[in-house]
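Topology and contacts: notes
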Amino acid sequence: MRVNGATIPPELGTGDTGLTDDSRQLTDALPGTLPDAGEADGLPLFILSPGERDQLSLMASRIGWKPVAARSRERAESRYLGSLARTALIDVRGLEGDAALAMVSGLSAAVEASGGAMLALLDDMGAAHVPELVTAGATHLLDGAVTEQRLEAALKPADKLA
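Residues numbered from 1 in each chain as written. Predicted model: local features only at pLDDT ≥ 70, side-chain atom pairs only at ≥ 80, totals over all residues. Heavy atoms only, no water.

1. Some remarks on the sheet that holds strand 4 (residues 66–70)
Adjacent strands of a sheet pair through backbone hydrogen bonds, lying either parallel or antiparallel. The strand order 4-3-5-6-7 describes an open sheet built from five strands, whose pairing is parallel. Two strands bound the open sheet, and with one partner strand each, they are strand 4 and strand 7 (140–143). Within the sheet, the average angular offset between the axes of one strand and its neighbour, ignoring direction, is 20 degrees. Pairing geometry for strand 5 (residues 87–91) and strand 6 (residues 117–122), over five bridges, is parallel. Across the sheet, Asp91 pairs through a bridge with Leu121, a residue of strand 6. The strands touched by helix 7 (residues 148–161) are strand 3 (44–48), strand 5, strand 6 and strand 7; relative to strand 7, the strand with the most contacts, the crossing angle is about 175 degrees. (Pairing = 2+ DSSP bridges. Helix = DSSP H or I, 4+ residues; strand = E, 2+ residues; numbered from the N terminus. Axes fitted to C-alpha atoms, helices over the stretch in contact; angles between N-to-C directions. Contact = heavy atoms within 4.5 Å.)

2. Focus: the packing of aromatic side chains
Considering all chains together, one arrives at one aromatic pair under this definition. Between the aromatic rings of Phe46 and Tyr80, the centroid separation amounts to 5.9 Å while the plane-to-plane angle is 80 degrees, which identifies the pairing as edge-to-face. Within this pair, whereas Phe46 is found in strand 3, its partner Tyr80 is found in helix 4 (residues 76–83), the two being separated by 34 residues in sequence. Note on accessibility: Phe46 and Tyr80 belong to one class, buried. (Phe/Tyr/Trp six-rings, centres within 6.5 Å; stacked < 30°, edge-to-face > 60°. Buried < 20%, exposed > 50% of the residue type's maximum accessible area, 1.4 Å probe, protein only.)

3. A few points about the environment of Leu133
Along the chain, Leu133 turns up in helix 6 (residues 130–136). Along the primary structure Leu133 and Ala120 are separated by 13 residues, whereas in three dimensions their C-alpha atoms are 8.4 Å apart. The residues touching Leu133, leaving out its near neighbours within four places in the chain, are Val92, Ala100, Leu101, Val104, Leu122 and Ala138.

4. Describing the packing of helix 4 against helix 5 (residues 97–113)
Where helix 4 contacts helix 5, the axes come no closer than 8 Å and their chain directions differ by 35 degrees. Helix 4 and helix 5 meet at a crossing whose hand is right-handed. Across from Ala76, Glu77, Tyr80 and Leu81 in helix 4, the residues of helix 5 making contact are Gly106, Leu107, Ala109, Ala110 and Val111. Residues that form the contact of helix 4 with helix 5 fall into these classes: seven nonpolar, one polar and one charged. (Left-handed = near helix turned anticlockwise from the far one by under 90°. Nonpolar A, V, L, I, M, F, W, Y, C, P; charged D, E, K, R; others polar.)

In short, geometric facts, not functional conclusions.
If you want it as structure tokens, here you go:
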């Protein structure tokens, strides 16, 4: 049984809440009620993406993360550290090699200092600058189309490392 998003074991019955089954369903649908446990327990995820910040944030939220997102490299290190995230998602798709390297390098010291992980989103894993991105601090790579399923699969090992 669910009351305000919380699961009540059947052995506790309904006497403690004073709610009928109809009022329980109503309170579950009301805005401002307590979130489900999965939503409350999401880990922060720092996202740095010049072009897809909002879409990546939505995807991350849907798969259980609490996104803290930015479009610009400006103050990215302090924003990452302030987010309390263990994992940074860096979107370098569409960037030339030097710009992608600068984005990864600009955040790598903070990620390394916090014992975190960095997942870089790439257009092509075979691009010439990919080894440089790894040397600069990217710990995990994902190329091709980014779907919720692929993002979740890529973030799991990154978070495990962190």
